[in-house]
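Survey of secondary and tertiary structure
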Amino acid sequence: MQALREANWKEITPLQNELMNKRFELRSLWAQPNPDQEKILAKQKEVNTLREKIQEKATKHRLEMQQILTPDQQAQLSATFGGFGAGPGIGRKGGFGPGRGKGYGQGYGPCFW
């Protein structure tokens, strides 16, 4: 499982970094005195595409992790937490809520913003 996690991190980390950069660029476009609609829409598409790629990789990783577990472990995980990513986690601003790691809602990996 650790090897799968590390491989997943190596794939997702550059995408997350790129996503952060694109979000910053998008914020900069919105901050302009006369925001350019076409540029904003194009940048938003780039952000959405990166989010989709990250989510797809997270889903594949989750499925790979689940395949390693024995049927008994899968049943126990499902009974205890409802499956991967549904356990308790720390939300933003110190709040508590569902999900893994920091952030809102059901999470399947780290949240950096």
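Everything that follows concerns the structure shown earlier in this document.
As the structure is a computational prediction, the values presented were derived from the model and not from experiment. (Residues numbered from 1 in each chain as written. Predicted model: local features only at pLDDT ≥ 70, side-chain atom pairs only at ≥ 80, totals over all residues. Heavy atoms only, no water.)

As for the nonpolar core
- Ile12, Leu15, Leu19, Leu26, Leu29, Ile40, Val47, Leu50 and Ile54 together form the largest nonpolar core, which totals nine residues.
- Among the secondary structure elements, those contributing two or more residues to this core are α1 (2-31) and α2 (37-68).
- Counting residues per element, this core draws most heavily on α1, at five residues.
- Each residue touching leucine 26, except ones within four places of it in the same chain, is listed here: Ile40, Lys43, Gln44 and Val47. (Core = buried A, V, L, I, M, F, W, Y, C linked by side-chain atoms within 4.5 Å. Buried < 20%, exposed > 50% of the residue type's maximum accessible area, 1.4 Å probe, protein only. Helix = DSSP H or I, 4+ residues; strand = E, 2+ residues; numbered from the N terminus. Contact = heavy atoms within 4.5 Å.)

Points about the environment of glutamate 11
- Among the structural elements, glutamate 11 can be located in helix α1.
- Each C-alpha atom of the pair glutamate 11 and lysine 57 lies 8.1 Å from the other, and the pair is 46 residues apart in sequence.
- Among the polar contacts listed, one links the side chain of glutamate 11 to the side chain of lysine 57, at a separation of 2.9 Å. (Polar contact = N/O pair within 3.5 Å; in protein donor to acceptor, adjacent residues only side chain to side chain.)

Overview of α2
- With 32 residues, α2 extends 47 Å between its outermost C-alpha atoms, agreeing within 8% with the 46 Å of an ideal straight helix rising 1.5 Å per residue.
- Along α2, the positions that sit buried rather than exposed are Ile40, Lys43, Val47, Leu50, Ile54, Ala58, His61 and Met65.
- On its buried side, α2 packs onto α1. (Expected span 1.5 Å × (residues − 1).)

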